[in-house]
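The residues making up each chain are set out below.
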Amino acid sequence: AQSVTQLDSQVPVFEEAPVELRCNYSSSVSVYLFWYVQYPNQGLQLLLKYLSGSTLVKGINGFEAEFNKSQTSFHLRKPSVHISDTAEYFCAVSDQTGANNLFFGTGTRLTVIP
Amino acid sequence: DSGVTQTPKHLITATGQRVTLRCSPRSGDLSVYWYQQSLDQGLQFLIQYYNGEERAKGNILERFSAQQFPDLHSELNLSSLELGDSALYFCASSGGAYNSPLHFGNGTRLTVT
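It should be emphasised that the depicted structure is a prediction, and the values quoted were computed from it without experimental measurement.

Draft legend 1. Fine view of the packing of aromatic side chains. Enumeration over the complete set of coordinates arrives at 14 aromatic pairs over all chains. Both rings, one in A:Phe63 and one in A:Tyr89, keep their centres 5.4 Å apart while their planes meet at 45°; by these two values the pair is tilted. With A:Phe63 in the loop between strand E7 (56-58) and strand E8 (64-68) and A:Tyr89 in strand E10 (residues 87-95), this pair connects stretches of sequence that are 26 residues apart. Here A:Phe63 matches A:Tyr89 in class, with each residue buried. Considering the side-chain rings of B:Tyr35 and B:Phe104, the 5.7 Å spacing of their centres and the 50° angle between planes classify their relative orientation as tilted. Pair noted here: B:Tyr35 is in strand E4 (residues 31-38) and B:Phe104 is in strand E10 (residues 103-104), with a separation of 69 residues, a long-range link. Residue class for B:Phe104 comes out buried when judged on its relative accessible area of 2%.

Draft legend 2. Region of the structure containing the nonpolar core. Counting 28 residues, the largest nonpolar core has A:Leu33, A:Trp35, A:Leu47, A:Leu48, A:Phe74, A:Leu76 and A:Tyr89 as its most contacted members. Sequence-distant contacts of A:Leu33, that is, excluding residues within four places in its chain, are made with A:Tyr25, A:Leu48, A:Lys49, A:Tyr50, A:Phe67, A:Phe74, A:Ala92 and A:Val93. With 20 residues, the next largest nonpolar core counts B:Leu46, B:Phe64, B:Ala87 and B:Tyr89 among its residues.

Draft legend 3. Region of the structure containing the interface of chain A and chain B. Between chain A and chain B, the contact holds 17 residues from the first and 20 residues from the second. For the pair chain A and chain B, the summed buried area comes to about 1600 Å², and 56% of that belongs to carbon and sulfur atoms. Summed over the shared surface of chain A and chain B, the result is four residue pairs in polar contact (both at pLDDT 80 or more). Of all the secondary structure elements, the ones that give two or more residues to the side of chain A that touches chain B are strand E5 (31-38) and strand E6 (44-50) of chain A. Class assignment of the residues belonging to the side of chain A that touches chain B gives a composition of nine nonpolar, seven polar and one charged.

Draft legend 4. How the structure looks around the pattern of salt bridges. One pass over the full model with this rule turns up nine salt bridges over all chains. Residue A:Arg77 pairs with A:Glu66 through a salt bridge whose shortest N-O separation is 3.5 Å. A residue pair is termed long-range when its members are at least 10 positions apart, and A:Arg77 in strand E9 (residues 73-78) and A:Glu66 in strand E8 qualify at 11 residues. Given the relative accessible area of 26%, A:Arg77 is considered partly exposed. On the accessibility criterion, A:Glu66 (35% relative accessible area) is partly exposed. Note that B:Arg26 and B:Asp29 form a salt bridge whose closest N and O atoms lie 2.9 Å from each other. Look at B:Arg26 and you get partly exposed, because its relative accessible area is 28%.

Draft legend 5. How the structure looks around the environment of A:Gly53. Mapped onto the secondary structure, A:Gly53 falls in the loop between E6 and E7. Expressed as a C-alpha distance, the spacing of A:Gly53 and A:Phe104, which sit 51 residues apart in the sequence, is 22 Å.

Rules used throughout
- Residues numbered from 1 in each chain as written.
- Chains lettered and ligands numbered in written order.
- Predicted model: local features only at pLDDT ≥ 70, side-chain atom pairs only at ≥ 80, totals over all residues.
- Heavy atoms only, no water.
- Phe/Tyr/Trp six-rings, centres within 6.5 Å; stacked < 30°, edge-to-face > 60°.
- Helix = DSSP H or I, 4+ residues; strand = E, 2+ residues; numbered from the N terminus.
- Buried < 20%, exposed > 50% of the residue type's maximum accessible area, 1.4 Å probe, protein only.
- Core = buried A, V, L, I, M, F, W, Y, C linked by side-chain atoms within 4.5 Å.
- Contact = heavy atoms within 4.5 Å.
- Buried area = accessible area lost by both parts, 1.4 Å probe.
- Polar contact = N/O pair within 3.5 Å; in protein donor to acceptor, adjacent residues only side chain to side chain.
- Nonpolar A, V, L, I, M, F, W, Y, C, P; charged D, E, K, R; others polar.
- Salt bridge = Lys/Arg side-chain N within 4 Å of Asp/Glu carboxyl O.

Printed below as a string of structure tokens:
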């Protein structure tokens, strides 16, 4: 079975500052990793995904994440945040079998302060 | 717009009642997933269907059931509702390949009073 831990439930950051949202996973098999964003009153939107290859993955809205197999981490970063980045961010994992269902972390609420 | 449509957007009902949530996947997507999002449990995977057949089951209660119809839309049936079933229920769809990203609808907010 897989599990995901998002270490910070809330992250306040000033506008134009860098941010890192932490994610660690646990799995006995190889996994795929994802970051989703949820804006208020909306569904989840895919930010980026790691399937294989380069461990640095670039996504939409200037976000990127780095897969670290030895540390079982997949932290999300952005060098300069905007007010519009205020949202809930979810890290998710799926195993490399046929089911493709995602297991989510508990989420990190990013609040960008003007 | 993800292309996934969920109806209704809001649902208020009483304990003991039964409700049906509906989901239309993105055009061409064969897989449908149901998730429950609540404050205490977070996002929990309930069940997945692929082209009409159940493919995976997660933390779905016996009081809940789902199905996917030949036109690929899906329904989630919740019965004998309890206060604790109040949550946001999301449907997602994907192309079906094992690494296809999921596309989520905007959810149905269920309130049980």
